[in-house]
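Examination of the molecular architecture
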Amino acid sequence: ARIWCLVAPASAMSLLADKRWDWVVLQEHSLLGGYVIDGAPRMAPVSLFHSSARELVKHVREHKAMPVFFMTWARRDYPAERPILTNAYLDIGRELDVEVAAVGIAWEDVRANAPNINLFATDGGHPSPAGSYLAACVIYASITGKSPKGAPAVIEGAPWSRELQDVDRSQKVKLVEL
């Protein structure tokens, strides 16, 4: 199956038209396209996210692909955003009959039940390797309907090279070790 994670709306339409995709993963960031005001992050109105989601889902379906929403998690220092994000994704998923990969819900479950697992990168917003792995497991389960239980705890592969600005296929390193 071909799966595409849509992250850049400017080039999204051309990528969608250029190849055949089975699944397209749609994700907004933890501020729902928000802003920074006086140095503090602010969440954008949910209505803007929903409007964009409707348009993108329409295009994905026109190209005969299945959309799935990647529900993001709240930033470490902004836990009050959690219910806003959860409801924003679940509401639009229900409205459009689109599967929601509930990464944000899984994220909070791990934080509550296994607080020794650090899901955040040092910036408090992006994922650590463990957070990325959790997100991948939730997306896998959402798309396939299968449990990721028993998936490998160590993943090896080619690392990103800042010098090359690409994946360095000449190397193989541990990408994740949980």
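For every chain, the first residue of the written sequence is number 1, and numbering continues from 1 onward in sequence order. In keeping with the model being predicted, local features are shown solely for residues with a pLDDT of at least 70 and side-chain atom pairs are shown and tallied solely at 80 or more, while totals for entire chains, interfaces and linings include all residues. The side-chain numbers reported here are obtained from all heavy atoms of the structure, hydrogens and water having been left aside.

**A look at the nonpolar core**
To qualify as a nonpolar core, a set must consist of buried Ala, Val, Leu, Ile, Met, Phe, Trp, Tyr and Cys residues joined through side-chain atoms within 4.5 Å. Each residue gets one of three labels from its accessible area relative to the maximum for its type: buried under 20%, exposed over 50%, partly exposed in between, using a 1.4 Å probe on protein chains only. With 21 residues, the main nonpolar core has V24, L32, F49, F69 and Y89 as its most contacted residues. Strands here are runs of E lasting at least two residues and helices are runs of H or I lasting at least four, both read from the DSSP assignment and numbered beginning at the N terminus. Of all elements in the fold, only β2 (23-26), α2 (46-62) and α3 (82-96) reach the threshold of two or more residues within this core. Top element by residues in this core is α3. It accounts for five residues. V103, W107, V110 and F120 belong to the second largest nonpolar core, which has 19 residues in total.

**Considerations on the packing of α2 against α3**
To define axes, lines are fitted to C-alpha atoms, for helices over the stretch in contact only, and angles between the resulting N-to-C directions are given on a 0 to 180 degree scale. The N-to-C vectors of α2 and α3 enclose an angle of 40 degrees; their axes lie 10 Å apart at closest approach. If you check the angle between α2 and α3, you find them oblique. In this structure, α2 crosses over α3, and the sense of that crossing is right-handed. Two secondary-structure elements touch here, α2 through V46, F49, H50, A53, R54, V57 and R61 and α3 through I84, A88, Y89, D91, I92, E95 and L96. Residues of the contact of α2 with α3, tallied by class, amount to nine nonpolar, one polar and four charged. Throughout this description, any angle smaller than 35 degrees is read as roughly parallel, any larger than 145 degrees as roughly antiparallel, any in the 65 to 115 degree range as roughly perpendicular, and the remainder as oblique. Note on convention: the crossing is left-handed when the near helix lies turned anticlockwise from the far helix by less than a right angle, right-handed when the turn is clockwise. In this description, contact between two residues means that some pair of their heavy atoms is separated by no more than 4.5 Å. Put simply, Ala, Val, Leu, Ile, Met, Phe, Trp, Tyr, Cys and Pro go in the nonpolar bin, Asp, Glu, Lys and Arg in the charged bin, and everything else, Gly too, in the polar bin.

**Some thoughts on the environment of H29**
Along the chain, the position of H29 falls in the loop between β2 and β3 (35-37). As a C-alpha pair, H29 and A74 span 45 residues in sequence and 9.3 Å in three-dimensional space. Excluding residues within four positions of it along the chain, H29 makes contact with G34, T72 and L85.

**As for unusual backbone geometry**
Positive phi is not limited to glycine here, since D97 has a value of about 55 degrees. Note that D97 resides in the loop between α3 and β6 (99-101). D97 gets classed as exposed once you look at its relative accessible area, which sits at 67%. At Q165, a position not held by glycine, the phi torsion is positive, near 55 degrees.

**Let's talk about the side chain of E81**
Take E81: it is sitting in the loop between β5 (66-70) and α3. Here E81 occupies a buried position and makes no salt bridge, while the nearest side chain of opposite charge, R75, is found at 5.1 Å. Residue contacts for E81: discarding those within four places in its chain leaves S30, L31, M43, A74 and R75. Think of it this way: Lys and Arg go in the positive column, Asp and Glu in the negative one, and His and the chain ends go nowhere. Any Lys or Arg side-chain nitrogen found within 4 Å of a carboxyl oxygen on Asp or Glu counts as a salt bridge.

**Re a nonpolar patch on the surface**
Residues qualify for a patch when their relative accessible area is over 30% and they have no salt bridge, like charges being joined within 9 Å and the nonpolar side chains of Val, Leu, Ile, Met, Phe, Trp and Tyr within 5 Å. Reported accessibility uses the Shrake-Rupley method at a 1.4 Å probe radius. Residues are deemed covered only where the shown protein chains occlude them. On the surface, Y35, I37 and L48 cluster together into a nonpolar patch covering about 290 Å² of accessible area. Along the chain, I37 turns up in strand β3.

**Notes on the packing of aromatic side chains**
Pairing of aromatic side chains here covers Phe, Tyr and the six-membered ring of Trp, requires ring centres within 6.5 Å, and sorts the geometry by plane angle: under 30 degrees stacked, over 60 edge-to-face, intermediate tilted. Counted under the stated rule, the structure contains six aromatic pairs. Pairing F70 with W73 gives two aromatic rings, centres 6.2 Å apart and planes at 45 degrees, and the pair type is tilted. Of the two residues, F70 and W73, both sit in the buried class. For the ring pair W107 and F120, a centre distance of 5.4 Å and an interplane angle of 70 degrees mean the geometry is edge-to-face. Residue W107 is located in helix α4 (residues 103-113), and its partner F120 is located in the loop between α4 and α5 (129-144); the two are separated by 13 residues in the primary sequence. In this structure W107 comes out as buried when scored by relative accessible area, which is 0%. Taken together, F70, W73, W107 and F120 form an aromatic cluster joined through their ring pairs.

**Considerations on the environment of V100**
Within the element layout of this structure, V100 appears in strand β6. Residue V100 is classed as buried on the basis of its relative accessible area, which comes to 14%. For the pair formed by V100 and L90, sequence separation is ten residues and the distance between their alpha carbons is 6.8 Å. Contact partners of V100, with chain neighbours within four places excluded, come to F69, M71, Y89, L90, G93 and S142.

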